[in-house]
Amino acid sequence: MLAESEKLEKIKNLISRHSQIISELEGLRSGNPQMPQQKTRRIVTGPVDESRSSQMLSSRELGEKIRQEFLSKRQAEGIQLQLIKGKTIFRTRSGKRVGLAVATERQPNRWFLGLPDGGFDHAVLLCQRENGEIIDIPLPEKFFEQYTMSQSKGQLKFNVVNRGSGLLVLVPGTDGINAKSLASDYSFLK
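Just so it is clear, the model here is predicted, and its values are computed rather than measured. (Residues numbered from 1 in each chain as written. Predicted model: local features only at pLDDT ≥ 70, side-chain atom pairs only at ≥ 80, totals over all residues. Heavy atoms only, no water.)

### Here we look at the pattern of salt bridges
Across all of its chains, the model carries six salt bridges by this definition. Glutamate 77 is the salt-bridge partner of arginine 74, the closest N and O atoms lying 2.9 Å from each other. For glutamate 141, the salt bridge is made with lysine 96, and the minimal N-O distance between the two is 3.0 Å. Note that glutamate 141 is positioned in helix α3 (residues 141–146) and lysine 96 in the loop between β2 (89–91) and β3 (97–104), a separation of 45 residues in sequence. One network of salt bridges, with partners in common, ties together Glu105, Arg129 and Glu133. (Salt bridge = Lys/Arg side-chain N within 4 Å of Asp/Glu carboxyl O. Helix = DSSP H or I, 4+ residues; strand = E, 2+ residues; numbered from the N terminus.)

Laid out in structure tokens, this is it:
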């Protein structure tokens with residue numbers, strides 16, 4: 001069983017490397033070469049022989065750490081968010097609920113995130129690049145009044161991609177919503 005898990009992990013790593021090579025090759029062909037990013041910090045969930053459940057725990061711990069860093073930055077700006085449900089739903093001083101979703105870059109320039117359907121008013125998508133950088137995408141309540149996201153198993157699904165035009169939140173029925181057009185600050189969380 002352990003040997004099979006090691007094989008599976010190696011296959012996942014090979015697929016990821018293949019995707020990165022294809023992405024860089026496409027960039028070279030289009031005349032817009034993407035230079036490989038210098039890895040300032042690589043998150044390692046443990047040795048290959050570690051069990052899948054231990055790796056999942058490490059992923060959860062990483063998500064918690066990313067959320068805590070985000071909360072600390074907002075607190076320094078005078079924004080208090082109080083945890084009210086699970087590890088992802090918080091309440092603002094004004095009583096609005098905020099969902100904090102976290103994802104790592106498992107495929108180059110792509111993140112998949114989810115939050116409980118109907119469980120929040122505002123959302124913040126925290127996307128970790130492979131180099132450790134965190135990109136945060138604020139989605140105020142007005143975003144959800146204007147757009148309908150995909151749903152599956154009681155979760156709203158968010159698909160974020162980084163393309164030549166910038167960071168996009170893929171919304172069904174659109175070509176993607178530019179993250180820069182969504183919110184310029186976090187004042188809506190007060």
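Still more ground to cover, so stick around.
### Points about unusual backbone geometry
Glycine aside, residues mostly have negative phi, and peptide bonds are mostly found in the trans state. For asparagine 109, which is not glycine, the phi torsion reads 60 degrees and is therefore positive. Position of asparagine 109 relative to the elements: it lies in the loop between β3 and β4 (110–116). Relative accessible area serves as the criterion here: at 17%, asparagine 109 is assigned to the buried category. Of note in this structure, lysine 153 is not a glycine but carries a positive phi near 50 degrees. Here lysine 153 shows up in the loop between β7 (150–152) and β8 (155–163). (Buried < 20%, exposed > 50% of the residue type's maximum accessible area, 1.4 Å probe, protein only.)

### Notes on the sheet that holds strand β6 (residues 134–139)
On the basis of which strands lie adjacent, the open sheet formed by five strands has the order β1-β2-β3-β5-β6 and mixed pairing. Strands at the two margins of the open sheet, each flanked by one partner only, are β1 (82–85) and β6. On average, each strand axis in the sheet is tilted by 30 degrees relative to the strand beside it, whichever way the strands run. As paired strands, strand β5 (residues 122–128) and β6 are joined by six bridges and run antiparallel to one another. Within the sheet, the bridge partner assigned to valine 124 lies in β6 and is proline 138. (Pairing = 2+ DSSP bridges. Axes fitted to C-alpha atoms, helices over the stretch in contact; angles between N-to-C directions.)

### Looking at the pairing of β8
Sheet topology places β4 next to β8; seven bridges connect them, and they run antiparallel. In the sheet register, leucine 115 faces β8, and the bridge partner there is leucine 156. Of the strand pairs in this sheet, β7 and β8 are connected by three bridges, and their pairing is antiparallel. Among the inter-strand pairings, serine 150 is bridged to a residue of β8, identified as lysine 157. Hairpin connection between β7 and β8: a loop of two residues separates the two successive antiparallel strands, and lysine 153 in this loop has a positive phi of roughly 50 degrees.

Coordinates in, geometry out; function isn't part of it.
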